[in-house]
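Here are the chains, one letter per residue:
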Amino acid sequence: MTTVEKSFLSKNSYKINPNHIPYIVVDNFPRLGFLTALRFLEWVNENPEGVISLPTGKTPEHFIKWTKHLLDNWSDKDLTQLREENGLSISNKPNLNGLHFVQIDEFYPIDSDQHNSFYNYDQHFYMDGFGMDPMKGLFIDCNTLPKANGQPLSEIFPNYKVDLSLRYRDPISRLEQAQQKTIFLVDEWCSEYENKINDLGGIGFFLGGIGPDGHIAFNIRGSDHNSTTRLMFTNFETQAAAATDLGGIDISRNRLVITIGLKTITANPDATAIIIAAGEAKAKVVKASIENDLDIKYPASVLKKIRGGRFYLTHGAASELDAVVQYELENEEWTDEKTQRAIVKLCEKNKTFGRRLTVEDLKADEKAKLIPDINEETVPNVLDTFMQKIEKGISILEDETFYHTGPHHDDIMLGFLPHIIHLIRSPKNTHYFTNMTSGFTSVTNGYVKKVIQQTMAFLDNGKIQMTQYPNFFSEGYQLKKDKDVYHYLDRIAANNKEGQARGLSHRVVRALVEIYKISTADELRQIMVQVLSVLDEYYDGQKNNAEIQKLKGMIREFEEELVWAHYGVQVKDVFHKRLGFYSGDIFTENPERERDVEPILNHLKALDPSIISLALDPEGSGPDTHYKVLQVIAEAVRLWGKEKDLSSLKVWGYRNVWYRFDPAEADIIIPVSLNSLAMLRDTFMNCYLSQKDASFPSYEMDAPFCDLMQQVWVEQHSLMQLVLGRDYWYQNPHPRLRATHGLVFIKEMSVDQFLNEAQRLEKSMEGQIQ
């Protein structure tokens, strides 16, 4: 361990197995970046002309910010003290200009000038941002890679599809001959790239993230530990993770990559190779990579080969490591939640129904034996607690005002639609639905083009009559939006696809008139032609202009209105806040009080809810929009609490496709019937038209989010069948429990509990709201 590493390691109390890859755990995401920046500068100070390889994407955000901040303010007294307190005691500012840079990977083919190419990222954040010399870099610049006959890549590979089977078969056309020649040229280039790295002595400092399948660089699960730089296919998990960068899964599914290999990373026996990971969503793959022997199923396990292999982790990412789990069980306050979790884990481990667990079983288990005062009632008491949570899930609440919030459109319904379906049936309850961001990043350019073309056809055929009304372009476009919704749902009932398309086109026309300040039908058509032209000019994954972002967001807003209109909610009770921090940039802004918090505070004061529902995801799990929306709501509630007694206000935390509660965390367990599962899919597929093709799927399933959510709820029920026994369900006197085939978990909190939870998450993520 180096001086910097020892400084941070001294704050850890975990007994790390010497056979595992060494790791350091820090409190939060920014501090992870701080540690990494200090270790990097420590290494650069010792190796001013060394060979480095640095990551792209969102993971290195705080590493980049801290490194640049430290270098730009090297003489600042406070920062000097901060560096020295954390093990970096060097007086001279490191000079990065002598370093040799090796680009880790790149999509192929891609125009290197695009903002979403990794070449562009490296030039912007590292060459320019760190003041490095690009002439000393090795880069994967697709624009300069060899091509057959010097043709443009777009001509050689139409639609950017590369068929690697041409490595092994004869081409059947002139086009395939050019493709085969180009593939062989790139293969040769990759071999030369590897040789150039070796000529430099190999990579001395490697920093990388870890993918959902455990990949480092683009070395996916199953990669040979002796692999070198190569052109290759990726797997679905990696393609799903890249879909946002490339503009959708249909693009990333067909895009190949060039990546350095696992041997490239570890060829230098004296190399420092660090994997950084943040968030509980990475905990399982981190555990497998660190604690397993060398295994091609876990690419990062290759770090065992070198002395300088390390993992730098947040608490969330380290949460499943054996040493961390054991320390927390033995040293932190024991709670009922821990007891419940230990019983559930023991049921899973022993594959035993809960009622069959004995005192001896508990005492023989490493975790369960730590339960205080184990006796014959320990397990029955836990089972009773779970049954009480289920009773709470089937109780019908009345005289409540619900303020349902979602970071994105579809978050609420994917979180707990089966419960809302029951709650909304009582006319004694009031429900408001608020979407916090416009969600434009989840709508593809291709979908918007399809909708605009469809709308133009209806307009040309006189099927959007409202444009002929004399006041439509002055004020009429703002009226009767609920009629669009009702029209659409009527056509769903009639199974009239053309009628549904017309309903959507009506709303698109209203949106275009609002965005572009259109005053005539002729101008409307001109604008639609203009929008199509602009969309054609965008490359896949390029950030749209403000007008098209707004159009995409308004399409999503219409979809959300359709969802809740299914269950009798009026358009006036569905709100779209479009919070300003949501920008579509790779490193998004933090929420601001005046811009983002005050609108929600004013909304809460006006609607006066008794129950607020919100997405409650742990550190670093899912889009950071979820975390930032949570902090906005928490700050609004805190400020509201200064003016009103909120002791009776309840906050419900839900989760959906990005992470799960375990049963011990949940306070309310909601039964899900086959009918509710059918309603989930039917509603999703009929309303979220921009999402039904799953252009930006979860890495867990190549399908729409509704199908993944169904799988999650079914798995949660399967777990509770094991804990409570199958007969609890199918022989239960309550018909809803007999009809249960899935479960939704919700965490219920008081205001104080919610604010404490939000503060805990805040400490694990960003800084204070400004």
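Above this text you will find the structure in question.
These numbers come from a predicted model, not from an experiment.

A. Molecular detail of the overall build of the protein. When you go through the protein residue by residue, the secondary structure sums to 28 helices and 17 strands. In terms of C-alpha radius of gyration, the protein reaches 28 Å, essentially the compact-globule figure of 27 Å for 770 residues. Taking the principal axes of the C-alpha coordinates as reference, the protein spans close to 80 × 75 × 60 Å. A burial count over the protein gives 59% of its 770 residues as buried. Considering only contacts within the protein whose residues lie at least 6 apart along the sequence, 79% involve residues at least 24 apart. Looking at the protein as shown, the accessible area adds up to about 31900 Å², and 46% of this sits on carbon and sulfur atoms. Across the protein, 84 positive and 107 negative side-chain charges occur, with their mean positions spaced 2 Å apart.

B. Examining the sheet that holds strand β1 (residues 23–26) more closely. Taken in spatial order, the seven strands line up as β1-β10-β9-β6-β2-β3-β5 in an open sheet, and their pairing is parallel. Single-partner strands in this sheet number two, and they are β1 and β5 (137–138). Across two bridges, the pairing between strand β3 (residues 100–102) and β5 is parallel. When the sheet's bridge partners are listed, V102 is paired in β5 with L138.

C. A look at the pairing of strand β14 (residues 611–615). Of all the five residues making up β14, five are buried; the element is thus mostly covered by neighbouring parts of the structure. A two-sided burial pattern is seen for β14, the buried positions comprising I611, S613 and A615 on one face and I612 and L614 on the other. Where strand β11 (residues 401–406) and β14 come together, three bridges link them in parallel fashion. Paired with F402 across the two strands is I611, which belongs to β14. The pairing of β14 with strand β15 (residues 650–654) spans five bridges and is classified as parallel. Directly across from A615, in β15, lies its bridge partner Y654.

D. Representation of the packing of aromatic side chains. In this structure the tally under the stated criterion is 31 aromatic pairs. Measuring from centroid to centroid gives 6.2 Å for Y108 and F157, while their planes differ by 75°, and the two rings are edge-to-face. Of this pair, Y108 sits in strand β4 (residues 105–108) while F157 sits in the loop between α6 (153–156) and α7 (174–199), and the two are 49 residues apart along the sequence. With respect to class, Y108 is no different from F157; both count as buried.

E. Fine view of the nonpolar core. Ranked by size, the top nonpolar core spans 83 residues in total, and within it M413, I452, L512, V531, L551 and W564 carry the most contacts. Those residues within four positions of M413 in sequence are excluded, and the remaining contacts are V563, W564, L680, T683, F684, Y688 and W713.

F. Region of the structure containing a negative patch on the surface. A cluster of like negative charges, contributed by E360, E376, E377 and D384, occupies part of the molecular surface. Mapped onto the elements of the fold, E376 is located in the loop between α14 (359–364) and α15 (378–394).

G. Quick peek at the sheet that holds strand β12 (residues 430–435). If you walk across this open sheet you meet the seven strands as β13-β12-β11-β14-β15-β17-β16, and the pairing is mixed. Two strands lie at the open edges of the sheet, namely β13 (574–576) and β16 (668–673), each paired on one side alone. Pairwise comparison of adjacent strand axes, ignoring direction, gives a mean angle of 25° for this sheet. Set on the sheet, helix α25 (residues 705–724) makes contact with β16 and β17 (740–750); between it and β17 the angle comes to about 90°.

H. The arrangement of the side chain of Q340 in detail. Mapped onto the fold, Q340 is located in helix α13 (residues 336–350). Residues in contact with Q340, not counting those within four places in the same chain, are V382, T385, F386, K389, P663 and A664.

I. Quick look at the packing of helix α18 (residues 481–493) against helix α21 (residues 546–565). It is at 10 Å that the axes of α18 and α21 come closest, and there the two elements cross at 65°. In this structure, the crossing between α18 and α21 has a hand that is right-handed. Residues D484, V485, Y488 and L489 of α18 lie in contact with α21, whose contacting residues are F558, E561, L562 and A565. Counted by class, the contact of α18 with α21 contains six nonpolar, no polar and two charged residues.

J. Molecular detail of the pairing of β16. The element β16 is extensively covered by neighbouring structure, given that six of its six residues are classed as buried. Neither face of β16 is open: one carries I668, I670 and V672, the other I669, P671 and S673, and all of them are buried. Sheet analysis places β16 next to β17, joined by six bridges and oriented antiparallel. Counted as the bridge partner of V672 is G742 from β17.

K. Inspection of the packing of α15 against α25 at higher detail. Two numbers describe how α15 lies on α25: the axes approach to 10 Å, and their chain directions differ by 135°. Viewed along their axes, α15 and α25 adopt a mutual orientation that is oblique. The crossing of α15 and α25 is left-handed. Side by side, α15 and α25 meet where L383, F386, M387 and I390 of the first sit next to M720, V723 and L724 of the second. Considering only residue class, the contact of α15 with α25 consists of seven nonpolar, no polar and no charged.

L. A look at the environment of L294. Note that L294 resides in the loop between α11 (283–291) and β10 (308–314). Put simply, L294 and A494 are 200 residues apart on the chain and 59 Å apart in space, counted from C-alpha to C-alpha.

M. The arrangement of the pattern of salt bridges in detail. Counting across every chain of the model gives 42 salt bridges. Here E557 and R578 are joined by a salt bridge, their closest N and O atoms 2.8 Å apart. With E557 in helix α21 and R578 in the loop between β13 and α22 (593–607), this residue pair connects regions lying 21 residues apart in the sequence. What makes E557 buried here is its relative accessible area of 5%.

N. Examining the side chain of E559 more closely. Relative to the assigned elements, E559 resides in helix α21. There is a polar contact of 2.8 Å between the side chain of E559 and the backbone nitrogen of S690. When neighbours within four sequence positions are excluded, E559 is seen to be in contact with Y447, C687, Y688, L689 and S690.

O. Fine view of helix α5 (residues 118–128). Counted residue by residue, α5 has eight buried out of eleven residues, so it is predominantly covered. Taken together, the buried residues of α5 touch α3 (61–72), β3 and β4.

P. How the structure looks around the environment of V531. Here V531 shows up in helix α20 (residues 521–537). Residues V531 and L512 lie 19 residues apart in sequence; the distance between their C-alpha atoms is 9.7 Å. Residue contacts for V531: discarding those within four places in its chain leaves I452, L512, Y516, I548 and L551.

Q. A look at the state of the cysteines. Inspection of every chain in the model, using the stated rule, returns zero disulfides. C687 carries a free sulfur, and the closest cysteine sulfur to it, the one in C706, is 11 Å from it.

R. Up close: unusual backbone geometry. The residue after Y108, namely P109, is reached through a cis peptide bond having omega -5°. Considering the arrangement of structural elements, one finds P109 in the loop between β4 and α5. A positive phi is found at Y160, a non-glycine position, where the angle reads about 60°. For Y160, the location among the structural elements is in the loop between α6 and α7. Its identity as a non-glycine residue notwithstanding, D373 has a phi of 55°, on the positive side. Tracing the sequence through the fold places D373 in the loop between α14 and α15.

Quick notes on the rules
- Residues numbered from 1 in each chain as written.
- Predicted model: local features only at pLDDT ≥ 70, side-chain atom pairs only at ≥ 80, totals over all residues.
- Heavy atoms only, no water.
- Helix = DSSP H or I, 4+ residues; strand = E, 2+ residues; numbered from the N terminus.
- Rg over C-alpha atoms; globule rule 2.2 N^0.38 Å.
- Buried < 20%, exposed > 50% of the residue type's maximum accessible area, 1.4 Å probe, protein only.
- Contact = heavy atoms within 4.5 Å.
- Areas by Shrake-Rupley, 256 points an atom, 1.4 Å probe, with all protein chains shown as cover.
- Lys, Arg positive; Asp, Glu negative; His and termini not counted.
- Charge placed at Lys NZ, Arg CZ, Asp CG, Glu CD.
- Pairing = 2+ DSSP bridges.
- Phe/Tyr/Trp six-rings, centres within 6.5 Å; stacked < 30°, edge-to-face > 60°.
- Core = buried A, V, L, I, M, F, W, Y, C linked by side-chain atoms within 4.5 Å.
- Patch = residues over 30% accessible without salt bridge, like charges linked within 9 Å, V, L, I, M, F, W, Y side chains within 5 Å.
- Salt bridge = Lys/Arg side-chain N within 4 Å of Asp/Glu carboxyl O.
- Axes fitted to C-alpha atoms, helices over the stretch in contact; angles between N-to-C directions.
- Left-handed = near helix turned anticlockwise from the far one by under 90°.
- Nonpolar A, V, L, I, M, F, W, Y, C, P; charged D, E, K, R; others polar.
- Parallel < 35°, antiparallel > 145°, perpendicular 65-115°, else oblique.
- Polar contact = N/O pair within 3.5 Å; in protein donor to acceptor, adjacent residues only side chain to side chain.
- Disulfide = S-S within 2.5 Å.

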